[in-house]
Amino acid sequence: MTQSSSFDSADHTIVDGVHYHQFDVVIVGAGGAGMRAAIEAGPHAKTAVISKLYPTRSHTGAAQGGMAAALANVEEDNWEWHTFDTIKGGDYLVDQDAAEILAKEAIDAVLDLENMGLPFNRTPEGKIDQRRFGGHTRDHGKAPVRRACYAADRTGHMILQTLYQNCVKHGINFFNEYYVLDLVMTNVDGVDQPSGVVAYDLSTGELHVFQAKAIIFATGGFGKIYKTTSNAHTLTGDGVGIIWRKGLPLEDMEFFQFHPTGLAGLGILLTEGARGEGAILRNASGERFMERYAPTIKDLAPRDIVARCMVQEVAEGRGAGPNKDYVYLDCTHLGAEVLETKLPDITEFARTYLGVDPVTEPVPVMPTAHYAMGGIPTNVNAEVLRDNTTVVPGLYAAGECACVSVHGSNRLGTNSLLDINVFGKRAGNNAVEYVKTAEFTPLPKDPAAAVRGLIDGIRNSTGTERVSVLRKELQDMMDAKAQVFRTDESLAEVTQTIHTLRERYKNVAVQDKGRRFNTDLLEAVELGFLLDLAEVVVYSARNRKESRGGHMRDDYPNRDDETYMKHTMAYLSGDPHSADAADHIRLDWKPVTVTRYQPMERKY
Amino acid sequence: MSTTTIAADRPGNADPAITPFTVTFLIRRFDPEVDEEPRWQDFDVEMYATDRVLDALHKIKWEQDGSLTFRRSCAHGICGSDAMRINGRNRLACKTLIKDLDISKPIYVEAIKGLPLEKDLIVDMEPFFASFREVQPFLIANKAPEGGKERIQTVAQRERFDDTTKCILCAACTSSCPVFWTDGQYFGPAAIVNAHRFIFDSRDEDAKVRLDILNDKEGVWRCRTTFNCSEACPRGIQVTQAIAEVKQAIMRGKP
Ligand SMILES: Cc1cc2nc3c(=O)[nH]c(=O)nc-3n(C[C@H](O)[C@H](O)[C@H](O)COP(=O)(O)OP(=O)(O)OC[C@H]3O[C@@H](n4cnc5c(N)ncnc54)[C@H](O)[C@@H]3O)c2cc1C
Ligand code: FES
């Protein structure tokens, strides 16, 4: 349903059952990145936000621990240290010019939010309070630093609410529960230019074409390619998948972050902020094992390192529990007061979902698929790239769906809430600038044809395959073979599975044939994106024969800067259904931008 | 969250004595393209004690009847998508564990009340969000903070409105309110909670406007203090107390 009265006839016509709208700026996604962009664009250009969820349901709301900014409110800090930590944390695959922007603009990004009303926790002097987080250090790695601005363990909730509140204030047009399923490209003088998007209205089953001068993708991540994940059911990577199907590149897709502390067996996240407040990881014998792996910052080492150590502890028989298959997050020494005031939500999650009380018992945890470092390549202006350097005019991406790249091969905690604010704002501003002089690109004939074909194909299919069965096979296989540790063999196996699943997907059918609120149908569409993206992840991972950040190859355990200090760029080319992925995925490289920091060995 | 959560996978539940059992769900179905009236349909589902009602709905949708329709996203009580009536009480399906329900009888699941029914467990949320928007749910502060920095707020001032910042707009409170059921114009508890969040924020300069809005005949005075809302809130917000505080503020003419 639309949330505001955007259906005035002036900007809305119906042709052959398809609704047509015109906006200067169309933003796809109403999470943190999309709404931050909308707050910039809305007051200056005719703007619409299209979202498959009501804005406040977006997964930004699940973020817990904090948002980094070197405010130096509680101890000495500066944005250069933050830049360095981001680059080192990303194992030197970070574009350093982008990291500088991230760290520098962080300060205003936090102040913007505070000024918009975000209720941050406060210091005794009434300033924004800050806590420790993994990989954020004082003076280039000397000791952990308090850099994460937070609101209890509900920072993402507060960001999402605050941004939505401000969108209400600015009267932003929302099209809620509209699923964008295609980007419309028009061939202009031999070059494909974006001219709009096509959305499926969940409530009616009708198609809507939104013609726009500027389009911003802010569709979030795709953690649902994995079984054990902190991501929502709806994080199926639609936006990234749409870009992929258009033949535009995806960058660094092999780098997926596994967050160390997911509730064992469930994947529900317990924030790193718990360790920031002093919680400790222990193996079955109670040993604080991180001391052995990262003697300086121990439990506050970056996530890739901690996740690997946990898996290794378990692999070597030191796991806890009846099946020795998890480790413990010990918060018992923090006391009820700290848990109830600074970490209330995760305390409740452990109680509700595992029946474990963190005040008195250690909590069983294991790594959970958490964050896509890769995605739609953009420059620092959030403009989408069609190759290593060429911008697609009028097309922008921001947030988890984008790859700037500020996270390189491993994102530091609290840098994503920062990313969505800094680059969401940039995307909104730059789109406004762009539409001031740009004209509408004409729509091609019947721009909704492809989506109609996709939807009707699934709705009318008499096939025998079920979405839930295929999805489960994909997710199980990705957890088993493409998780924290990977080898050529394991990746080859999952490649084969994905190919088979993609073949079976052609034969998928849904039971709900109706038009209204057909979530059965949408789950089938989402599965299509998951299968495409999983294939790119695995294919890119197989090609990177080194270990770096979130990508750990057991068969190539070292980082190899000589050959691989560069970004992967994957392109769809050829028949998407050819049996061998090599026949439809072309890989290329893109250099890493290095400004000040030469790669060093990554020790903590 | 794993797709289907099987208790045996879970730590602490590896006890072989824990085995799945069959639970009967009675779900109030409504297909707007076919049905004149909602109808109850029963499903038997294999469940573990630590499974959530949301897991049951997924199992039904994924294994038995793909047309069963409901909203959900985060699956751990954060996004506010899946408020529904479970055994007559408003709850989030993702936060309601089977072990906390009486499974000797069927478990009744139906859409929340007071908002137009769209399909199965989905209602039209638009009237709910419209009330929310009406209370001016955003910080109104015209003075720029000093030095281009953050506004100063003491720990105690921040604490004053902490409870009402937790709202996830799931509508469990509003749609449990008997006044809201009978009077569609009433703002409802969630909108008042969100007004409270700003009225008592020391940085806000326009409490007066919101107090005036809520002093309206469809405002706080409709509340009959039945406490349904506080009981329904999955975030543990003391909703009735928040409403009482807004009433007092109206009488004082200031927060
Ligand atoms: C449990 C958890 C805790 C986290 N904690 C932290 C933290 O403490 N600090 C930190 O920095 N980061 C944290 N992160 C990461 C961070 O929260 C996310 O990376 C970030 O919020 C993503 O924001 P986004 O705006 O890009 O996407 P999202 O908030 O996921 O929003 C995506 C939007 O796109 C829309 N959408 C998707 N597909 C379509 C489509 N086809 N059509 C229309 N709309 C579509 C959705 O409706 C939604 O509105 C956490 C992540 C998780 C999962
Ligand atoms: S699915 Fe998000 S609150 Fe239940």
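Keep in mind that this is a model prediction, so the values were computed, not measured.

Let's shift gears to the overall build of chain B. What chain B contains, in helices and strands, is eight helices and seven strands. Its C-alpha atoms give chain B principal-axis dimensions of about 60 × 45 × 30 Å. The burial tally for chain B puts 61% of its 255 residues in the buried class. Sequence separation of 24 or more characterises 65% of the internal contacts of chain B that already satisfy a separation of 6 or more. When the accessible surface of chain B is split by element, carbon and sulfur atoms take 49% of a total near 9,900 Å². Averaging the locations of the 35 positively and 38 negatively charged side chains of chain B gives two centres separated by 6 Å.

What follows covers the UniProt feature "domain: FAD-dependent oxidoreductase 2 FAD-binding" (unreviewed entry) in chain A. Mapped onto this numbering, the UniProt entry annotates "domain: FAD-dependent oxidoreductase 2 FAD-binding" (unreviewed entry) at residues 24–417 of chain A. Along residues 24–417 of chain A one finds 27% helix and 27% strand; the C-alpha atoms at either end are 27 Å apart.

A separate point is the site of ligand 1. Residues and elements named next belong to chain A. Surveying the vicinity of ligand 1 reveals 39 residues, the closest of which are S58, T60, E400, S416 and L417. Within the backbone of G32, a nitrogen or oxygen atom sits 3.1 Å from an oxygen atom of ligand 1. Contact distances for ligand 1 include 3.0 Å between a nitrogen atom and a backbone N or O atom of K52. Across the complex, the protein chains shield 98% of the 1,000 Å² of accessible surface that ligand 1 would expose by itself. Taken together, the elements giving at least two residues each to the shell around ligand 1 come down to α1 (32–41), β3 (47–51), β8 (178–188), β15 (363–372) and α11 (415–437). Counting residues per element, the shell around ligand 1 draws most heavily on α11, at four residues. Here the residues of the shell around ligand 1 are counted per class, giving 16 nonpolar, 19 polar and four charged.

At the interface, 73 residues of chain A touch 72 residues of chain B. Taking both sides of the interface into account, the surface hidden between chain A and chain B amounts to around 6,200 Å²; carbon and sulfur atoms contribute 50%. The largest share of the area that chain A buries against chain B comes from A:R57, A:H233 and A:Y353, three residues that together contribute 13% of it. At the boundary of chain A and chain B, one finds seven salt bridges. We note a salt bridge from B:E118 to A:R516, for which the minimum N-O separation is 2.6 Å. Across the contact surface, chain A and chain B share 36 residue pairs in polar contact (both at pLDDT 80 or more). When residues of the side of chain A that touches chain B are traced back to their parent elements, those giving at least two are α3 (96–116), α4 (155–169), α10 (344–354), α13 (467–481) and α15 (519–543) of chain A. Among the elements that make up the side of chain A that touches chain B, the one with the highest residue count is α4(A) (seven residues). Broken down by class, the residue content of the side of chain A that touches chain B amounts to 26 nonpolar, 28 polar and 19 charged.

Residues and elements named next belong to chain A. Cis geometry is adopted by the peptide bond preceding S405, which originates at V404 and carries an omega value of 5°. Among the structural elements, S405 can be located in the loop between β19 (402–403) and α11. Look at D16: it is not a glycine, yet its phi comes out positive at around 50°. Using a relative accessible area of 75% as the deciding quantity, one classes D16 as exposed. Phi at T414 takes a positive value of approximately 75°, unusual for a residue other than glycine. Mapped onto the elements of the fold, T414 is located in the loop between β19 and α11.

To continue, consider the packing of aromatic side chains. Residues and elements named next belong to chain A. Within the structure shown, the criterion is met by 20 aromatic pairs over all chains. For the pair Y164 and F174, a centre-to-centre distance of 5.8 Å together with 55° between the ring planes defines the contact as tilted. Placement of Y164 in helix α4 and of F174 in strand β7 (residues 173–176) is noted, with a sequence separation of ten residues between them. Each of the two residues, Y164 as well as F174, counts as buried.

The predicted coordinates should not be examined in detail at positions where pLDDT is low. With 98% of its residues at a pLDDT of 70 or more, chain A shows a mean pLDDT of 96. Here residues 1–9 of chain A is modelled with pLDDT under 50, and outside its nearest four sequence neighbours on either side it reaches 34 contacts, counting other chains as well.

All names here are of chain B. According to the domain assignment, chain B contains domain 1 (7–123) and domain 2 (126–252). One C-alpha centre belongs to domain 1, the other to domain 2, and the line joining them spans 30 Å. Taken together, the two surfaces of domain 1 and domain 2 that pack against each other cover about 1,100 Å², and 62% of this comes from carbon and sulfur. The largest contributions to the domain 1 side of the interface with domain 2 come from N90, K113 and L115, which together make up 40% of the buried area. At the surface where domain 1 touches domain 2, the tally comes to three residue pairs in polar contact (both at pLDDT 80 or more). Counting only elements with at least two residues in the side of domain 1 that touches domain 2, the list comes to β3 (83–86) and β4 (89–92).

In this section: the side chain of A:N415. Residue and element names in this part refer to chain A. Of note, N415 is situated in helix α11. A polar side-chain atom of N415 sits 3.0 Å from a polar atom in the side chain of H82. If we skip the residues at most four places from it in the chain, N415 touches A68, H82, T86, L102, H136 and H407.

Rules of the game
Residues numbered from 1 in each chain as written. Chains lettered and ligands numbered in written order. Predicted model: local features only at pLDDT ≥ 70, side-chain atom pairs only at ≥ 80, totals over all residues. Heavy atoms only, no water. Helix = DSSP H or I, 4+ residues; strand = E, 2+ residues; numbered from the N terminus. Buried < 20%, exposed > 50% of the residue type's maximum accessible area, 1.4 Å probe, protein only. Contact = heavy atoms within 4.5 Å. Areas by Shrake-Rupley, 256 points an atom, 1.4 Å probe, with all protein chains shown as cover. Lys, Arg positive; Asp, Glu negative; His and termini not counted. Charge placed at Lys NZ, Arg CZ, Asp CG, Glu CD. UniProt positions renumbered as here; feature names shortened; annotations may be inferred. Near = heavy atom within 4 Å. Polar contact = N/O pair within 3.5 Å; in protein donor to acceptor, adjacent residues only side chain to side chain. Nonpolar A, V, L, I, M, F, W, Y, C, P; charged D, E, K, R; others polar. Buried area = accessible area lost by both parts, 1.4 Å probe. Salt bridge = Lys/Arg side-chain N within 4 Å of Asp/Glu carboxyl O. Phe/Tyr/Trp six-rings, centres within 6.5 Å; stacked < 30°, edge-to-face > 60°. pLDDT = per-residue confidence, 0-100. Domains from an automatic or database assignment.

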